[in-house]
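# Fold and contact review
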Amino acid sequence: MLIIITGPSHKAWCSKSVQPDSLRESITFILGEDTSIEKPFFTYAAHYYHTDTVERTDYIIVTARSLLDVRNYLEQHPPRNRQPWGIINLVVHSNEWSGLSIPVHKDGSPRTTSALLNKSIQSGQFKPLPDYLIDVRTDIRIQGCASGRDLPFLELLSRAFGGSAPDEQRPLVRSSKYFISFYAVRDEKGRILECERYLTNFWYAFYPKDKNPDVTALRLQLQTRYPDVQIDWEDALTRKKPRYFGDVFHTTLFRALTLKWSVLYTDAISRPKVGTSHEQEYWLSGQSDLQDHLQEIGIPQNAFAWEIKSIKHDMADHSIVPAIKAFGRSTMLCIMQTFTEPDPINPDQLRPLKPDFDDPVYYSIVVPPHSSVR
């Protein structure tokens, strides 16, 4: 049964008309709109969480466009059985470096990063929900790519929704360590029969923005970064689409990763010259904090196209000091391979692997204090 509920503040799909009081209600937030006709991530996800026999949820909300929208909806539309929420799916684009591709609140920065979310918590703008709505048995699942590799961010999300005080009950928060995608099985008329969710492994390589990538250099970079991975990197670099389910291929994930770095000096005499490429290279190599940051994010210095120049920096007290500003741009290439397993009905074919959400190989989970889950 499909019920569409419309109103001034929300729209929901209800996949079941009645739920026993002994069960907790579940909800999925579709936090975006598709820009690709070929791969409609959000459309397929909505269909999946409405129809899947195992993972469908009681409600699907398609109008929330910020993390605060999610929080407010949960507060303003409490479960009808008067129990705290059970599973809360957040379907959203994400990555392991910069959080979620939605703002904390509509008028803020376009992404929810750890720094911005923490600021909203500290300022009181993002208030935790009471224990009668969210407790230690509430399970928030980030259905986005690789945010499971950022455990501090998952911990922060748990505190955002549940609170930081020792006596407050915080929710479980979990997310995949890999890419998440959805695909549709269609009939001969193109109608969707069912949708599936699957996980895809990935390996990164980088090269300077606006430079033609050198296949040999990329292969050597991948071999160095992932010495234990048994993949023919050069073969994967020859195709942008898989030939069959589970095939290895590559895609350009980010065409313009940017890095800005400024160093201040006490006077113009102490500021090094950076007029030539040799001087710029020498200056970059000598910036220990920058080198530590590059090592932390896993992108080599030579993977950026650098623009370095001497500038005058305006201080908060309106004084001006000499400085050097570096602006680097890099392109991220990604080798991908979907996780598969033999299809028990057709053993000669492969199907998407659907690991359990408690499997630490594929998912990270933040377990709050007082929880019985360990």
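Here, the structure is the one placed above.
The structure reproduced in this document is the subject of the present report.

### Some words on the overall build of the protein
Check the secondary structure of the protein and you find eight helices and 15 strands. For the protein, the spread of C-alpha atoms along the three principal axes comes to 75 × 55 × 40 Å. Taken across its 374 residues, the protein has 47% of its residues classed as buried. Across the protein, every contact between residues at least 6 apart in sequence was considered, and the portion connecting residues at least 24 apart equals 68%.

### Regarding the layout of surface pockets
What the largest pocket holds in volume is close to 1400 Å³. Around the largest pocket, the lining comprises 45 residues; the ones closest to its centre are Lys39, Ile180, Ser181, Thr251 and Met336. Those elements that place two or more of their residues in the lining of the largest pocket are helix 1 (41-51), strand 8 (179-186), strand 9 (192-208), strand 10 (249-264) and strand 12 (320-338). By residue number, the principal contributor to the lining of the largest pocket is strand 10, which donates seven residues. The residue inventory of the lining of the largest pocket, partitioned by class, reads 22 nonpolar, 13 polar and ten charged.

### With respect to the side chain of Glu196
With respect to the secondary-structure elements, Glu196 resides in strand 9. Residue classification places Glu196 among the buried positions, given a relative accessible area of 17%. Not counting chain neighbours up to four residues away, the residues in contact with Glu196 comprise Tyr48, Ser181, Phe182, Tyr183 and Lys354.

### What about helix 7 (residues 277-285)?
Turning to helix 7, its buried residues are Gln280, Trp283 and Leu284. Here the buried residues of helix 7 occupy an arc of 100 degrees about the axis, which is enough to place them on one side. In helix 7, the exposed positions angled more than 90 degrees off the buried face are occupied by His278 and Tyr282. Structurally, helix 7 contributes buried residues whose contacts are with strand 10, helix 8 (288-297), strand 11 (305-314) and strand 12.

### Quick notes on the environment of Lys39
Among the secondary structure elements, Lys39 is positioned in the loop between strand 3 (27-30) and helix 1. For the pair Lys39 and Asp247, spaced 208 residues apart in sequence, the C-alpha separation works out to 18 Å.

### A look at the packing of helix 3 (residues 114-123) against helix 4 (residues 151-162)
Two elements in contact, helix 3 and helix 4, have axes separated by 10 Å at closest approach and are oriented at 20 degrees. On the basis of the axis angle, helix 3 is roughly parallel to helix 4. In this structure, the crossing between helix 3 and helix 4 has a hand that is left-handed. Between helix 3 and helix 4, the contacting residues are Ser114, Leu117, Asn118 and Ile121 on the first element and Phe153, Leu156, Leu157, Arg159 and Ala160 on the second. Within the contact of helix 3 with helix 4, the residues separate by chemical class into six nonpolar, two polar and one charged.

### As for the packing of aromatic side chains
All chains considered together, the criterion is met by 23 aromatic pairs. Look at Phe126 and Phe161: their rings are 5.3 Å apart centre to centre, the planes differ by 85 degrees, and that puts the pair in the edge-to-face class. Taken together, the residues span a long stretch of sequence, with Phe126 in the loop between helix 3 and strand 6 (139-143) and Phe161 in helix 4 at a distance of 35 residues. For the residue pair Phe126 and Phe161, the accessibility class agrees, reading buried in each case. Look at Tyr198 and Phe245: their rings are 5.7 Å apart centre to centre, the planes differ by 70 degrees, and that puts the pair in the edge-to-face class. Remark: Phe245 occurs in the loop between helix 6 (233-236) and strand 10 and Tyr198 occurs in strand 9; sequence separation between them is 47 residues. Look at Tyr198 and you get buried, because its relative accessible area is 15%. Taking the ring centre of Tyr178 as reference, the NZ or CZ of Arg149 above it sits at 5.2 Å.

### Considering the nonpolar core
In terms of nonpolar packing, the biggest core is built from 61 residues, with Phe182, Tyr204, Trp283, Trp306, Ile308 and Ile335 touching the most fellow members. With eight residues, the top contributor of residues to this core is strand 9. The contact partners of Phe182, leaving out residues within four places of it in the chain, are Phe41, Tyr44, Ala45, Tyr48, Tyr49, Glu196, Arg197 and Tyr198. Core analysis: the second largest hydrophobic core is formed by 34 residues, Leu67, Ile102, Leu117 and Leu133 among them.

### Concerning the pattern of salt bridges
The full count for this structure, using the stated rule, is 21 salt bridges. Salt-bridge contacts for Asp69 lead to Lys106; the nearest nitrogen and oxygen are separated by 3.7 Å. With a gap of 37 residues between them, Asp69 in helix 2 (residues 67-76) and Lys106 in the loop between strand 5 (87-91) and helix 3 connect regions that are remote in the sequence. A relative accessible area of 19% means that Asp69 is categorised as buried. For Lys106, a relative accessible area of 58% translates into the label exposed. Among the ionic pairs, Asp247 bridges to Arg243, the shortest N-O distance being 2.8 Å. A residue is classified by how much of its surface remains accessible, and Asp247, at 3% relative accessible area, is buried. In the salt-bridge network here, residues are joined through shared partners; they are Asp139, Arg141, Arg174 and Asp358.

Rules of the game
Residues numbered from 1 in each chain as written. Predicted model: local features only at pLDDT ≥ 70, side-chain atom pairs only at ≥ 80, totals over all residues. Heavy atoms only, no water. Helix = DSSP H or I, 4+ residues; strand = E, 2+ residues; numbered from the N terminus. Buried < 20%, exposed > 50% of the residue type's maximum accessible area, 1.4 Å probe, protein only. Contact = heavy atoms within 4.5 Å. 1 Å grid on protein atoms, 1.4 Å probe; cavity = no way out; pocket = protein on both sides within 12 Å on 5 of 7 lines; lining within 4 Å. Points joined across faces, edges and corners; volume = space filled by probe spheres on them. Nonpolar A, V, L, I, M, F, W, Y, C, P; charged D, E, K, R; others polar. Arc of directions from axis to C-beta. Axes fitted to C-alpha atoms, helices over the stretch in contact; angles between N-to-C directions. Parallel < 35°, antiparallel > 145°, perpendicular 65-115°, else oblique. Left-handed = near helix turned anticlockwise from the far one by under 90°. Phe/Tyr/Trp six-rings, centres within 6.5 Å; stacked < 30°, edge-to-face > 60°. Lys NZ or Arg CZ within 6 Å of the ring centre and 35° of its normal. Core = buried A, V, L, I, M, F, W, Y, C linked by side-chain atoms within 4.5 Å. Salt bridge = Lys/Arg side-chain N within 4 Å of Asp/Glu carboxyl O.

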